[in-house]
Structures are given as C-alpha cells and as structure tokens.
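Understanding the architecture of this molecule
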Amino acid sequence: MDTEAKCKITIIGIGPGSASLLTDEARSELRKSDIVVGYRLYLELLAPLISGQKLASFEIGQEEERVKFAIDQSLTGKHVSVVSSGDAGIYGMGGLVLEKLTDLKLIHSVTVRIIPGVSSLSSSSSLLGAPLMNDFCVMSLSDRITPWSSIEKRINGAISGDFVMVFYNPSSNTRRDIFEKAVNLLKEKLKPGTPVGLVKNAYRDGQAVTITTLEKLYENEVDMLTTVVIGNSSTFVSGRFMITPRGYLQQTGKSRHGSAIR
Ligand code: SAH
C-alpha cells in the first residue's frame, strides 16, 4: 500500500491548558484528525474545542500504550493526533512516537507533523515575571526513568554554572523524596535568600503563583502540576515579579530598581 500518503500522525503541543493558549495551528490540526489520542485530563480540556473527532483517552503511565494505539490506528488509514500538554517535544509524547516508529521501521512510512506548544517554562515564567532572561537549565525531577544519581549530577552542574533552574515533575504522590533531596542539595550550595518561583496549574483552574526563597520553600506545597523556578545568583524580586537581569542595565552602569531577597 502507498503508506506514505495514507498514514498520518500529528503530534500536538496543546499549551498549558487554557483554550486561548492553544495555537491556531494546533486547533486546526485537531479538527482535521479522525482520532485524538492523549491523557484523559487533557482530552477533557480539549473536548469543548473540537467536534467529530473520536477521543482515545489513556491514564498517566500508559504512554507506550498510547503510542502503540496511535500507530496502529494510523496504519489503518486514520489521521491520528497525539496530544501532550505544553510542548510535545519537551518531556512530552513527541520523542516516544518517533522512537517507536523507528523501532517498528515505520519512520519513512508514516507522515509525521509536530506542532509546537507553549511549554510550562514559558507559561510559568510569564506568570512569575522574567526569571529566564539569562541562561537556564530545565530538568525533570521524575526518577521514574532517570535515576537520582543523574538528576543530582545535573543539578550540581547547573549550580556550578550559576544557571537559573526550571524543574518539571517536582513531585507526585508516590515520590516526594526526590524534591526534598533536590532542595537539600540546593540549600547546601546556594544562598538561603535565593528567589524561588512556584507555579501551579498555570492558565488552568486552580492557578497559584508563589514567589518565595530557598529557605522557605518547604512551607509551600509542590505537586505534580507545579513548575519550580530557582533563581541564579543575580535573580531578584521586585513587586510581584521575579527577575533575572539580562545585563543591559549593569552594562550601561544604571542601577536596577528592585531589591534582592536576602
Ligand atoms: N510537555 C510539557 C511538560 C510535561 S512534564 C510542557 O512542555 O510543559 C509534566 C510537568 O509539566 C508537570 O509535572 C509540571 O511540572 C509541568 N506542568 C504541566 N502543565 C503545567 C501547568 N499548567 N502549570 C504548571 N506546570 C505545569
């Protein structure tokens, strides 16, 4: 069969959750598909925006099943969309779809399109102010796939490079200790007053934005729907904003108007 023409998978980043932050491209691709495959919660968010598509919902932990289902359906000639929150290529479903197509030797047979989305690092930093104005590292604290020894190595690297850090997957009901280990490591090496931003449910119901410090971090709740931003040595807080200077004002000798939490 001429699979090239028939088998189609579109991998779609749906943004943080609000309809207004779903791109036009994503919306139009969703409407063109026969089946939309994704995590149940995200399909519930999308349901009012699309019509006529079959929704195939899966639970967390069923990522491989989702991809297998999507590929099987595409091989029957259906146009399948696989959705991920934020950007599908950032701790999302994008890689798994491409890896599985490679394993099955179908990478040349299925037409894949990847639609970018607003990732949590953008949505969360927009709510915090401008914490990512200088070099930053993004890390997932999930040790489901990555062992703690690797996570620890990467955090230490980010600390020694004075990077701002963004943590995805900081905690879940089954693994709270990784976040504690990460925070203890940061506390050993960074100033207690280092600004920390916590964004829970960005652009969704239940949105909560908190700016605190490393020493007070434990007073705040962090869960699997939270993105955590740890400032670098020059990050400061001004009004309700967390700001990492890009360096323009320092370069021209002008002083900044905010004060660091120390
Ligand atoms: N592909 C997604 C990330 C998936 S990993 C993206 O690009 O954003 C899941 C993690 O993303 C969560 O544990 C949380 O840290 C973060 N996250 C997802 N949606 C979020 C939201 N609406 N608000 C804050 N953090 C979110």
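Heads up: the structure comes first, above all this text.
By convention here, each chain's residues receive numbers from 1 onward along its written sequence. In keeping with the predicted nature of the model, local features appear solely for residues at pLDDT of at least 70, side-chain atom pairs appear and are counted solely at 80 or more, and the whole-chain, interface and lining totals rest on all residues. Hydrogens and water molecules were not included; the side-chain quantities draw on all heavy atoms of the structure.

**Considering the overall build of the chain**
Here is the rule we go by: Counting from the N terminus, the helices are DSSP H or I runs at least four residues long and the strands are E runs at least two residues long. Throughout, radius of gyration means the C-alpha value; the globule benchmark is 2.2 Å times the number of residues raised to the power 0.38. Summary of the burial criterion: residues with accessible area below 20% of their type's maximum are buried, those above 50% are exposed, and those between are partly exposed, where the area comes from a 1.4 Å probe applied to protein chains only. Throughout, a residue-residue contact means that at least one pair of heavy atoms, one from each residue, lies within 4.5 Å. Working definition of accessibility: Shrake-Rupley area with a 1.4 Å probe, residue cover restricted to the visible protein chains. Within this scheme the basic residues Lys and Arg register as positive and the acidic residues Asp and Glu register as negative, but His and the chain ends are omitted. Lys charges are placed at NZ, Arg charges at CZ, Asp charges at CG and Glu charges at CD.
Looking only at helices and strands, the chain features 9 helices and 13 strands. A compact globule built from 262 residues should have a C-alpha radius of gyration of about 18 Å, and the chain, at 20 Å, falls within 12% of that. Across its three principal directions, the C-alpha atoms of the chain cover 65 × 35 × 35 Å. The buried share among the 262 residues of the chain stands at 45%. The long-range fraction of contacts in the chain, counting pairs at least 24 apart against all pairs at least 6 apart in sequence, stands at 67%. Per element, the accessible surface of the chain, about 13100 Å² overall, is 51% carbon and sulfur. Seen as two clouds, the 30 positive and the 27 negative side-chain charges of the chain have centres 4 Å apart.

**Concerning the sheet that holds strand β12 (residues 236–238)**
This is how the line gets drawn: At least two bridges found by DSSP between two strands are what make those strands a pair.
Pairing within the open sheet is mixed, and its 3 strands lie in the order β6-β13-β12. The outermost strands of the open sheet, each flanked by one partner alone, are β6 (129–130) and β12. Pairing geometry for β6 and strand β13 (residues 241–243), over 2 bridges, is parallel. Note on β13: the bridge partner recorded for A130 is I243.

**Section: empty space enclosed by the protein**
Note the following rule: Here a cavity denotes grid points, spaced 1 Å and computed from the protein atoms alone, that fit a 1.4 Å probe unable to get out, and a pocket denotes an open set having protein on both sides within 12 Å along at least 5 of 7 lines; residues with an atom within 4 Å of a point are the lining. Grid points are joined across faces, edges and corners, and a volume is the space filled by probe spheres set on the points. Note on residue categories: nonpolar means Ala, Val, Leu, Ile, Met, Phe, Trp, Tyr, Cys or Pro, charged means Asp, Glu, Lys or Arg, and polar means any other residue, Gly included.
As enumerated under the stated definition, the model contains 1 cavity of 30 Å³ or more in all. Size it by volume and the largest cavity reaches roughly 40 Å³. Around the largest cavity, the lining residues are I14, G17, S18, A19, L22, L45, L46 and L49. Residue composition of the lining of the largest cavity, by class: 6 nonpolar, 2 polar and no charged.

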